[in-house]
Amino acid sequence: MGGNVRTSSQPVTQASEPTSPTGAGAEAGAGAGAGAGAEAGAGALRPERRRQLRRRGLRLEYATLGWNVVEIGFVAAAAVAARSVALAGFTLDSCIEIFASLVVVGQLRGDADPDRERRALRRIGSAFFALACYLAAQTGVTLAFAVHPARSPLGIGWLAATAVVMFGLAAGKARTGAELGHPVLSAEARVTVVDGALATGVLAGLVGNALWGWWWADLVAGVVVIGYGLREGVHHWREADR
């Protein structure tokens, strides 16, 4: 009988073994599914939050548009009066900033469209290439005819204010674009922060010319704008091709 007991116990053990991996797999699958569901729920934005972020992004873009529209008048007048290449370049940069803001406003008002976002990034990049080409030609003309820029208190005052405003707007756009997952708004935030840095660089050139008569500082600031335009143009085209 002892042999019969041993023989009968083996099939029971063998039959129970296949059920163990099945139960463990079910538990693992359930745990993974629950974890994935929790992560997806944490990463997804509620519709109300998404609407709030879109409204915030629009307010930031409208503020940028308003500032740059007014800025064009002030800086263009200062550029003509002082014969400043750097101020002329900054005026054109303001026009690009307006164009970029209009692109983002259109994106925030409508549904996200990857093809439309890529086209928007290419347009912004092309505008920066145009800025760099114009300033390179203007710098060459200024050097050829030995045109020395005059002092520009208006330009100095406006650029100082612009630097502060642009850095503040850029920070708001960056936070909103990251949370919303909006690549065009995030890209335009970088345009705005570089716009603030650009204002600071041009301001340094104007101050150097006003205080110490460094007329060449204006051209150096203009060359900085050229380099910035080329860099941003390449960056936006690469972003569009991703």
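Residues numbered from 1 in each chain as written. Predicted model: local features only at pLDDT ≥ 70, side-chain atom pairs only at ≥ 80, totals over all residues. Heavy atoms only, no water.

**Q** So what about the overall build of the chain? Which residues, and what values?
**A** What the chain contains, in helices and strands, is 8 helices and 0 strands. The helix and strand sequence of the chain, counted from the amino end, reads α-α-α-α-α-α-α-α. Burial analysis of the chain (242 residues in total) assigns 39% to the buried set. Pairs at least 24 apart in sequence give 84% of the contacts found in the chain among residues at least 6 apart. (Helix = DSSP H or I, 4+ residues; strand = E, 2+ residues; numbered from the N terminus. Buried < 20%, exposed > 50% of the residue type's maximum accessible area, 1.4 Å probe, protein only. Contact = heavy atoms within 4.5 Å.)

**Q** Got a sec to walk through the pattern of salt bridges? Specific residues and values, please.
**A** As enumerated under the stated definition, the model contains 9 salt bridges in all. Between Arg49 and Glu179 there is a salt bridge, with the nearest N and O atoms lying 2.8 Å from each other. In this pair, Arg49 is assigned in helix H3 (residues 47-82) and Glu179 in helix H6 (residues 153-180), connecting sequence segments 130 residues apart. When its relative accessible area of 23% is taken as the criterion, Arg49 is described as partly exposed. In this structure Glu179 comes out as partly exposed when scored by relative accessible area, which is 35%. Via salt bridges that share partners, Glu61, Glu97, Lys173 and Glu188 belong to a single interconnected network. (Salt bridge = Lys/Arg side-chain N within 4 Å of Asp/Glu carboxyl O.)

**Q** Would you mind going over helix H4 (residues 85-109) in detail, with residue names and values included?
**A** The first and last C-alpha atoms of H4 sit 36 Å apart over 25 residues, in line with the 36 Å expected at 1.5 Å per residue. Among the 25 residues in H4, 19 count as buried, and that is most of the element. Capping of H4 at its N-terminal end is provided by Ser84; its side-chain oxygen lies 3.4 Å from the backbone amide nitrogen of Ala86. (Expected span 1.5 Å × (residues − 1). Polar contact = N/O pair within 3.5 Å; in protein donor to acceptor, adjacent residues only side chain to side chain.)

**Q** Can you explain unusual backbone geometry? Please cite residues and give values.
**A** At Arg83, a position not held by glycine, the phi torsion is positive, near 55°. Locating Arg83 in the fold gives a position in the loop between H3 and H4.

**Q** Just give me the short version of the packing of H3 against H4, but keep the residues and values in it.
**A** Taken N-terminus to C-terminus, the directions of H3 and H4 make an angle of 160°; their axes are 8 Å apart at the nearest point. In terms of their interaxial angle, H3 and H4 are classed as roughly antiparallel. Considering only the axes of H3 and H4, their crossing is left-handed. In terms of residue class, the contact of H3 with H4 is built from 18 nonpolar, 7 polar and 5 charged. (Axes fitted to C-alpha atoms, helices over the stretch in contact; angles between N-to-C directions. Parallel < 35°, antiparallel > 145°, perpendicular 65-115°, else oblique. Left-handed = near helix turned anticlockwise from the far one by under 90°. Nonpolar A, V, L, I, M, F, W, Y, C, P; charged D, E, K, R; others polar.)

**Q** So what's going on with the packing of aromatic side chains? Which residues, and what values?
**A** On inspection of all chains with the given rule, the structure shows 5 aromatic pairs. An angle of 80° between the planes, with centres 5.3 Å apart, marks the rings of Phe128 and Tyr228 as edge-to-face. Of the two residues, Phe128 sits in helix H5 (residues 114-144) while Tyr228 sits in helix H8 (residues 216-241), which places them 100 residues apart along the sequence. Across the pair, exposure class does not vary: Phe128 and Tyr228 are buried alike. Through pairs of rings, three or more aromatic residues link up here, namely Trp67, Phe74 and Trp158. (Phe/Tyr/Trp six-rings, centres within 6.5 Å; stacked < 30°, edge-to-face > 60°.)

**Q** Tell me about the confidence of the model for the chain, and please be specific about residues and values.
**A** In the predicted model, the chain carries a mean pLDDT of 79, and 81% of its residues have values of at least 70. Confidence over residues 1-42 falls short of pLDDT 50; this stretch has 0 contacts with residues more than four positions distant or in other chains. (pLDDT = per-residue confidence, 0-100.)

**Q** So what about H6? Which residues, and what values?
**A** Two residues of an α-helix separated by three or four positions point the same way, owing to the 3.6 residues in each turn. Over its 28 residues, H6 extends 40 Å from the first C-alpha to the last, a length consistent with the 40 Å expected when each residue adds 1.5 Å. Backbone geometry just downstream of H6 places Gly181 in the positive-phi region, at approximately 70°.

**Q** Explain the nonpolar core to me, using residue names and the numbers behind them.
**A** Grouped together as the largest cluster of nonpolar side chains are 31 residues, with contacts concentrated most on Leu87, Leu159, Val202 and Tyr228. Listing elements by their share of this core, those giving two or more residues are H3, H4, H5, H6, helix H7 (183-212) and H8. (Core = buried A, V, L, I, M, F, W, Y, C linked by side-chain atoms within 4.5 Å.)

**Q** I'd like to hear about the environment of Ala189, residue by residue, with values.
**A** Within the secondary structure, Ala189 sits in helix H7. Taking the C-alpha atoms as reference points, Ala189 and Arg175, 14 residues apart in sequence, are found 9.0 Å from one another.

**Q** Describe in detail the side chain of Glu71, supporting the description with residues and values.
**A** As for its position among the elements, Glu71 is in helix H3. Leaving out residues up to four positions away in the same chain, Glu71 has contacts with Ala76, Phe90, Ser94, Trp158 and Thr162.

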